[in-house]
Amino acid sequence: MTTPSLTSTPTARKPLFGTVLVANRGEIACRVIRTLRALGIRSVAVYSDADAGARHVREADTAVRIGPAAAAESYLKIEAIVDACLRTGAEAVHPGYGFLSENAEFARALDQAGITFIGPGVEALNMMGDKIRSKNHVSGYGVPVVPGVAQPGMTDQQLVQAADAVGFPLLIKPSAGGGGKGMHVVEHPEDLHATLATARRVAASAFGDDTLFLERLVSTPRHIEVQVLADNHGNVIHLGERECSLQRRHQKVIEEAPSPLLEAHPEGGSIRARIGEAACNAARSVNYSGAGTVEFLVSDEAPDEFYFMEMNTRLQVEHPVTEMVAGVDLVEWQVRIAAGEELTLRQADVELNGHAVEARVYAEVPEKNFLPSTGTVLLLDELPAGTAGTGTAGTGTVRVDSSLVEGLQLSASYDPLMSKVIAWGGDRAAALDTLDTALGGYTALGLDTNVEYLRLLINDSDVRAGRLDTGLIERKLPDLAFRRAADAELVATALFTLAVEGQENTPPPGPWHTRNGWRLGTPAPRRISLGTPDGGIATLRISGNAGAGPAGNGEVMVSVDDGPSRPARLEFLARGQAVLTLDGRSITYSLAPVFGEAVSPAGGPPINPAPAGLFLGNGGWSCRLEVLTRESRLERVLAAIQREEGAADPAVRSPMPGTVVSVPVIDGDAVITGQVLVSVEAMKMEHQLLAPLDGTVHLSTRPGDLVKADQVLATIHPHPAADSSTNPADTIATPGKGA
């Protein structure tokens, strides 16, 4: 097996910084701290109230609280970061990516305090941070740009007037944005006005600047970016390109290096040199220093045609794939360059070895339009084949950059990115196989993740063949076959529930409080009702003795929903693992139970509760099954009846915790099905909540409100039936009934 090196070529010349503060959170903060530790530099973490128990706080040498959960009052608060530097003696700040990483005012404030910003100078931040100015600027240095309208200060009306010259479909982009956030595709002229309003609101919220510009949308484009390194001594090099064409909502999902488009092209080496030199010219044009990324749109049909999109003046989320193939620690070079060292790498020294692919693991539900998810990490095993940090899978190498620890509660205040799984192989096929194996062993129970979706995506025939473009995910998603909880998962959950009950230390106060259907003679079969993720109910009938917990492992007979009885046994292995044998077939699961409150019978001690639910999964897939009480089962039965009758729920609920950013209707308005009622921002995304039926809206929220998951934000009172011959009493809508 060939293992790519992550060592850099510089040798120690003079002392680097003694203390560096990492002005970020999550996996990138942990990744930066790892290199600081290797360099012998003391690390300082900062955290909000929501991150007090976060992994980056635990891994740093010291940590400083900087404010409440809201990013504007913590991670985006320049004074708080500078104060934390002064309190801890930090000589430099590494900004990571996002938050203040591309903020010129932040760099200027650090400079005024005598603290080094590990990144480019203010000139580069100012120029490249403005997408309008940067396009116009680099075009003067021979860098090709996408046709469009990019003038500062344009109003919505001016943009609408200019749109015809740009042509449809077009792309609305925030001038101050980056990383794909705030971008909107407009297919038809009649949609432009409304989309501009949304785009300005998102841009103002995310970047503090609502300036927009328009670009022609290139059909079947490839998103290829070039990693550059530049020092303060006039040296600029590139470390090859990354392919980032697999995107959803302009957010990268899978990234790889090098680009399969260039690798398969007979002139790929020449094109790489040309696009790399264009990236270096863009960096030279602003006297860039540090690590940066220049992003290009590349024509799939003619790869030698490429257009500058933007320059990200920071480390990218996907930087590990470059590190894996180039053998360079980019964070180390950022620190060394900021400390005044000269690049010892020259362009001729750069060699790309093998292939690397990165998959971003998000807390989200792909089947629900990628709705972000929150929860608590109950069981974690991100790299089961190796040790923390790196390990082997098949013939390749795996690296995991993660923010997760068991017990961590994911906040809705921040991006849903949890971790990144990066795989290296001798060629692209080997790298993809290694990544698939790694994702198949990835376990994070307690919340919803996109891991199953990632495996489906990287095993798609077009992806395997390298036929990529930025619209591929949208085209493929409707046909992806997501796994459902089957009989095996239901049986495993039921047997786990019985095993937990069998471990109760406190005997029940009498036979009336037992759960086993006690009776004289032969024991009655045990019935357990489970709630499935789609809102359904499964009833299992279990005969025999499953044993008392891990020591029992007795075989029982199980039937699902009055089906045939089958032999089943659940054997417990290591912590959080069990093997189900059903009909002679064995399946290994990871398991994490969820417990409710203990119940106390009148006049007696509390009884240990049965689990309220169970997270279980394997092969990168997971789900939660609910163990239903009589009350919760009845709720599901009634909900199913309503669905069969075609009734729409008149209550409009927030899908997750967040902030109400827009309410485009007025209390008492008549609304129609599908009309936007409320927009909620959570995890840096805006979710529009629609009217489920025609009627009169009654609002229970307003812009700026903080809302909880499942909180009712509006209620629709259906219009009276139009048939005047109907008895008036029959036209009064009842809760849960449509008009």
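Residues numbered from 1 in each chain as written. Predicted model: local features only at pLDDT ≥ 70, side-chain atom pairs only at ≥ 80, totals over all residues. Heavy atoms only, no water.

Draft legend 1. Layout of the overall build of the protein chain. A count of helices and strands for the protein chain gives 18 helices and 40 strands. Within the protein chain, the fraction of its 739 residues that count as buried is 53%. At a minimum sequence separation of 6, the contacts of the protein chain that also span at least 24 residues come to 64%. Accessible surface computed for the protein chain: about 30,800 Å², of which carbon and sulfur atoms make up 50%. (Helix = DSSP H or I, 4+ residues; strand = E, 2+ residues; numbered from the N terminus. Buried < 20%, exposed > 50% of the residue type's maximum accessible area, 1.4 Å probe, protein only. Contact = heavy atoms within 4.5 Å. Areas by Shrake-Rupley, 256 points an atom, 1.4 Å probe, with all protein chains shown as cover.)

Draft legend 2. Expanded view of the pattern of salt bridges. With the rule as written, the count across this model stands at 48 salt bridges. For R34, the salt bridge is made with D401, and the minimal N-O distance between the two is 3.4 Å. Highlighted residues: R34 in helix 1 (residues 26-38) and D401 in strand 21 (residues 396-402), separated in sequence by 367 residues. Judged by relative accessible area, D401 falls into the buried class, the value being 0%. Here E686 ties to R201 by a salt bridge, and the two come within 3.1 Å at their closest N and O atoms. Here the residue E686 occupies a position in strand 37 (residues 685-690), and R201 occupies one in helix 8 (residues 192-207), the gap between them amounting to 485 residues. Since its relative accessible area comes to 22%, E686 is described here as partly exposed. Look at the salt bridges and you will find they share partners, linking E225, R242, K252, E255, E295, E318 and R360 into a network. (Salt bridge = Lys/Arg side-chain N within 4 Å of Asp/Glu carboxyl O.)

Draft legend 3. Spatial organisation of the packing of aromatic side chains. Under the definition given, this model contains six aromatic pairs. Through a chain of ring-to-ring contacts, three or more aromatic side chains come together here, namely Y75, F99 and Y414. We note R248 situated over the ring of F370; from NZ or CZ to the ring centre the distance is 4.1 Å. (Phe/Tyr/Trp six-rings, centres within 6.5 Å; stacked < 30°, edge-to-face > 60°. Lys NZ or Arg CZ within 6 Å of the ring centre and 35° of its normal.)

Draft legend 4. Here's a closer look at helix 6 (residues 131-139). Residues K131, I132, S134, K135, H137 and V138 constitute the buried set of helix 6. Tucked into the core, helix 6 has its buried residues touching helix 5 (122-129), strand 7 (170-174), strand 9 (212-216), helix 10 (268-284) and strand 14 (306-312). The N-cap of helix 6, judged by a side-chain oxygen 3.0 Å from the amide nitrogen of I132 a few residues on, is D130. (Polar contact = N/O pair within 3.5 Å; in protein donor to acceptor, adjacent residues only side chain to side chain.)

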